[in-house]
Amino acid sequence: MNKRPKNFALNFFWLLIFLPINPVELYSQSLPQNGIPFHSLDIALEHAEDKLNGTLLELNYNPTLHPSETSRETGKWDTSKLDRYEWTSGFFSGSLWYMYKITGDENWKEFAESWTEDLEDAATISYDHDTGFRIFNSFGNGYKLLKNRSYYSVLLRGANTLSNRYNPTIGAIKSWDWLDTANFPVIIDNLMNLELLFWTADTIENEELYNQALSHADLSLTHHMRDDGSTYHIVDFSDEGTVLKKFTTQGCNSTAPGCGDRSVWARGQAWAVYGFTMIYRFTNEDRFLQAAIKASDYFIENLPEDRVPIYDFLEPVPSVRSKDASASAIVASGLFELYSYTKNVLYFNTAVDILESLTSDNYSTINSDSNAILKKSTIHRGKGNVGTSYADYYYLEAIIRYMELVQSDFPNIEPEIKLYLDQNYPNPFNNSTLIYYSTEQEGRVELAIYDYTGRLVQTLVDRSLPSGNYNILFNSSGLPSGIYFYVLRSNKQTLSKKMTLLK
Ligand code: GLY
């Protein structure tokens with residue numbers, strides 16, 4: 001597969017030859033003031049592309065298999081966790097879209113489409129809140145690049161499924177149906193899936209969806225976050241909306257001395273960093289920005305030197321103190337966005353530090369047979385030292401956000417504008433006829449008439465049009481009887497039909 005078209009290091013080399021200035025100065029021209037460069041960018045991209053290729057091979061190019069976590073014994077993807085029902089099923093297709101975005105290579109697009117389209121039924125899985133993870137990472141990322149109507153309708157279906165889990169008395173989405181020890185559990189992770197609701201609410205201008213997402217975000221802000229910025233994993237509500245208890249099923253629990261309900265599960269904290277930042281993007285409400293800052297400050301202040309936390313910041317038992325690379329990958333991506341709102345370079349530089357650490361031998365699978373991109377994530381207490389498709393996904397997303405912030409180069413991916421062309425009416429015609437056509441989304445469209453020899457007779461349309469259904473009258477006065485063609489074109493598609501002029 002092609003590497004991304006322009007190699008960062010190579011560009012840099014040529015610039016060094018022609019410009020007699022210090023390389024660090026040159027590099028820093030596109031960095032924030034006092035921002036640090038991500039030196040391992042090219043290594044990271046090459047490694048990620050190799051491992052995504054390795055995963056495709058390991059899956060036998062079968063797009064019904066959606067990797068989630070690697071086996072601790074073999075390092076290979078766990079074959080018991082490959083179906084679309086896993087909460088993780090959207091991450092691998094999301095990573096394929098990200099690789100397409102980075103490289104512009106059509107092969108990645110084709111893989112991304114195959115893995116995404118296998119997930120269509122997941123839009124109606126209704127027993128948990130994870131529709132966003134399954135559908136927004138797959139169809140959502142695809143839609144952002146292609147702007148295609150079929151993905152759009154899957155996203156609307158997904159948003160509807162998630163919205164049906166909203167309870168107006170409690171003011172939140174119920175996260176899980178299956179947890180026996182809770183009545184109405186709301187987990188911190190659930191913030192992430194609000195992105196599907198907020199995005200859909202914005203796109204179709206639906207106030208109800210927006211208000212549901214906003215109410216859930218506010219409830220989570222009130223009850224999940226402690227004064228020091230750390231967060232609970234689960235808050236359980238009564239049917240009337242009072243808090244029954246706060247606890248964790250993934251962090252260190254009451255069986256761990258000194259931990260109990262004070263658990264600060266690192267990935268949960270990461271969801272809070274990313275989630276509240278994303279919610280600020282949609283709401284512009286300062287309370288969410290402040291929550292994101294508090295959650296981030298807690299995470300950063302409690303990070304060890306290698307910028308990757310133990311899976312729970314408070315886990316006291318040495319034998320289960322495993323690292324969680326996924327938490328740092330999520331936070332790196334969230335911090336780049338938080339930097340864009342706050343302009344606090346601490347967030348930018350911490351995210352870069354995390355990326356450097358994750359790209360090093362300590363966390364990257366560069367010298368291993370595993371086809372995950374990163375190693376050393378922890379699923380839950382006692383299940384550490386695995387690769388996960390979500391650590392890989394947020395790592396790639398963080399790299400893309402870094403590249404966007406420093407204006408590193410991306411190939412120019414033009415969205416496909418899907419067109420529809422119907423038979424003209426009347427046909428055959430004498431003098432004038434109507435031509436009907438539709439375009440799925442805004443973009444440049446041309447409609448032209450040609451005679452039987454291929455000579456251009458008349459251009460009827462040549463401009464940017466909003467999505468919609470159109471018709472245009474073609475007047476043939478002055479033309480002889482015969483067969484004509486009308487041709488509709490966008491940047492990627494050409495459609496044509498025949499019509500007969502009988503005088
Ligand atoms: N439920 C998502 C996670 O394990 O982080």
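Predicted model only: the values in this text are computed from it and were never measured.

> How should I be thinking about the overall build of the protein chain in this particular structure?
Looking only at helices and strands, the protein chain has 14 helices and 12 strands in total. Computed over its C-alpha atoms, the radius of gyration of the protein chain comes to 26 Å, within 12% of the 23 Å expected for a compact globule of 503 residues. Within the protein chain, buried positions represent 56% of all 503 residues. Relative to all contacts within the protein chain whose residues are 6 or more apart in sequence, the contacts with residues 24 or more apart total 66%. Surface exposure of the protein chain reaches about 21,000 Å², of which carbon and sulfur atoms provide 49%. Across the protein chain, the 43 positively charged side chains and the 62 negatively charged ones have centroids separated by 3 Å.

> How should I be thinking about the pattern of salt bridges in this particular structure?
Opposite charge on two side chains makes pairing possible when the charged atoms of those side chains draw close. Per the stated rule, a full pass over the model turns up 22 salt bridges. With its nearest N and O atoms 2.5 Å apart, the salt bridge here joins Glu 69 to Lys 383. A residue pair is termed long-range when its members are at least 10 positions apart, and Glu 69 in the loop between helix 3 (41–58) and helix 4 (89–103) and Lys 383 in the loop between helix 13 (345–359) and helix 14 (389–405) qualify at 314 residues. Residue Glu 69 is classed as buried on the basis of its relative accessible area of 4%. Taking relative accessible area as the criterion, Lys 383 reaches 22% and is therefore assigned partly exposed. For Asp 228, the salt bridge goes to Arg 262, with nearest N and O atoms at 3.8 Å. You can see Asp 228 sitting in the loop between helix 9 (207–224) and strand 4 (234–237) and its partner Arg 262 sitting in the loop between strand 5 (243–247) and helix 10 (266–283), a full 34 residues away along the chain. The structure contains a network of salt bridges with shared partners spanning Glu 195, Arg 281, Glu 337, Glu 397 and Arg 401.

> In this structure, what is going on with the sheet that holds strand 4? I would like to understand it.
Within a sheet, each strand pairs with its neighbour through backbone hydrogen bonds, oriented either parallel or antiparallel. If you walk across this open sheet you meet the 3 strands as 3-4-5, and the pairing is antiparallel. Each edge of the sheet is formed by a strand with only one pairing partner; in this case those strands are strand 3 (185–187) and strand 5. If you compare each strand with its neighbour and ignore which way they point, the axes differ by 20 degrees on average. Pairing analysis gives 4 bridges linking strand 4 to strand 5, with the strands arranged antiparallel. Bridged to Asp 236 within strand 5 is Lys 245. Most of the contacts of helix 9 go to strand 4, to which it runs at about 110 degrees, and overall it touches strand 3, strand 4 and strand 5.

> Help me understand the nonpolar core, please; the structure alone is not making it clear to me.
Membership of the largest hydrophobic core comes to 120 residues, with the highest contact counts inside it found for Phe 276, Ile 279, Leu 358, Tyr 394, Tyr 395, Ile 399 and Tyr 402. Discounting residues that sit within four places of it in the chain, Ile 279 has contacts with Leu 191, Leu 194, Phe 198, Ala 217, Asn 284 and Phe 288. Within the second largest apolar cluster, 18 residues are counted, among which are Phe 429, Leu 460, Leu 488 and Leu 501.

> Help me understand the packing of aromatic side chains, please; the structure alone is not making it clear to me.
The description of an aromatic ring pair rests on the distance of the ring centres and on the angle between the ring planes. Under the criterion given, the structure shown has 38 aromatic pairs. With 5.5 Å between their ring centres and 75 degrees between their planes, Tyr 274 and Tyr 394 make a pair best called edge-to-face. Of this pair, Tyr 274 sits in helix 10 while Tyr 394 sits in helix 14, and the two are 120 residues apart along the sequence. Neither Tyr 274 nor Tyr 394 differs from the other in exposure class; each is buried.

> Which parts of the structure should I look at to understand the pairing of strand 12 (residues 494–501)?
Regular strands place their side chains on alternate faces of the sheet. Relative to strand 12, strand 11 (residues 482–489) runs antiparallel, the two sharing 8 bridges. Bridged to Gly 482 within strand 12 is Leu 501. Between strand 11 and the antiparallel strand that follows it, strand 12, lie 4 residues.

> Got a minute to help me understand the side chain of Thr 359 in this structure?
As for its placement among the helices and strands, Thr 359 is situated in helix 13. Overall, the relative accessible area of 8% leaves Thr 359 in the buried class. Setting aside chain neighbours within four positions, we find Thr 359 in contact with Phe 38, Ser 40, Ile 43, Ala 44, Ser 364 and Tyr 395.

> Help me understand the sheet that holds strand 6 (residues 419–421), please; the structure alone is not making it clear to me.
With respect to topology, 3 strands assemble into an open sheet ordered 6-7-10, the strand pairing being antiparallel. Each of the sheet's edge strands pairs with one partner strand only, and the pair in question is strand 6 and strand 10 (468–475). Sheet twist, expressed as the mean angle between neighbouring strand axes with direction ignored, is 25 degrees. In this sheet, strand 7 (residues 432–439) lies alongside strand 6 in antiparallel orientation, the contact comprising 3 bridges. For Tyr 420, the partnering residue across the bridge sits in strand 7 and is Ser 438.

> Whenever I open this one, the state of the cysteines confuses me. Can you help?
Note: disulfide means a covalent bond formed between the sulfur atoms of two cysteine side chains. Taken as a whole and judged by the stated rule, the model has 1 disulfide. Here Cys 252 pairs with Cys 259 through a disulfide, and the sulfurs are 1.6 Å apart. Looking along the S-S bond of the Cys 252-Cys 259 disulfide, the torsion reads about 55 degrees, which is the right-handed sense. Judged on exposure class, the residue Cys 252 and its partner Cys 259 are both buried.

> Help me out: how do you make sense of the side chain of Asn 137 in this one?
Checked against the element boundaries, Asn 137 lands in helix 6 (residues 131–146). From its side chain, Asn 137 meets the backbone oxygen of Phe 133 in a polar contact 3.1 Å long.

> Help me understand the site of the ligand, please; the structure alone is not making it clear to me.
Taken together, Trp 87, Asp 189, Gln 250, Trp 265, Arg 267 and Trp 271 make up all the residues around the ligand. Residue Asp 189 places a side-chain N or O atom 2.9 Å away from a nitrogen atom belonging to the ligand. Within the side chain of Arg 267, a nitrogen or oxygen atom sits 2.6 Å from an oxygen atom of the ligand. Taken together, the residues that form the shell around the ligand break down as 3 nonpolar, 1 polar and 2 charged.

Cut-offs used in this document
- Residues numbered from 1 in each chain as written.
- Predicted model: local features only at pLDDT ≥ 70, side-chain atom pairs only at ≥ 80, totals over all residues.
- Heavy atoms only, no water.
- Helix = DSSP H or I, 4+ residues; strand = E, 2+ residues; numbered from the N terminus.
- Rg over C-alpha atoms; globule rule 2.2 N^0.38 Å.
- Buried < 20%, exposed > 50% of the residue type's maximum accessible area, 1.4 Å probe, protein only.
- Contact = heavy atoms within 4.5 Å.
- Areas by Shrake-Rupley, 256 points an atom, 1.4 Å probe, with all protein chains shown as cover.
- Lys, Arg positive; Asp, Glu negative; His and termini not counted.
- Charge placed at Lys NZ, Arg CZ, Asp CG, Glu CD.
- Salt bridge = Lys/Arg side-chain N within 4 Å of Asp/Glu carboxyl O.
- Pairing = 2+ DSSP bridges.
- Axes fitted to C-alpha atoms, helices over the stretch in contact; angles between N-to-C directions.
- Core = buried A, V, L, I, M, F, W, Y, C linked by side-chain atoms within 4.5 Å.
- Phe/Tyr/Trp six-rings, centres within 6.5 Å; stacked < 30°, edge-to-face > 60°.
- Disulfide = S-S within 2.5 Å.
- Polar contact = N/O pair within 3.5 Å; in protein donor to acceptor, adjacent residues only side chain to side chain.
- Near = heavy atom within 4 Å.
- Nonpolar A, V, L, I, M, F, W, Y, C, P; charged D, E, K, R; others polar.

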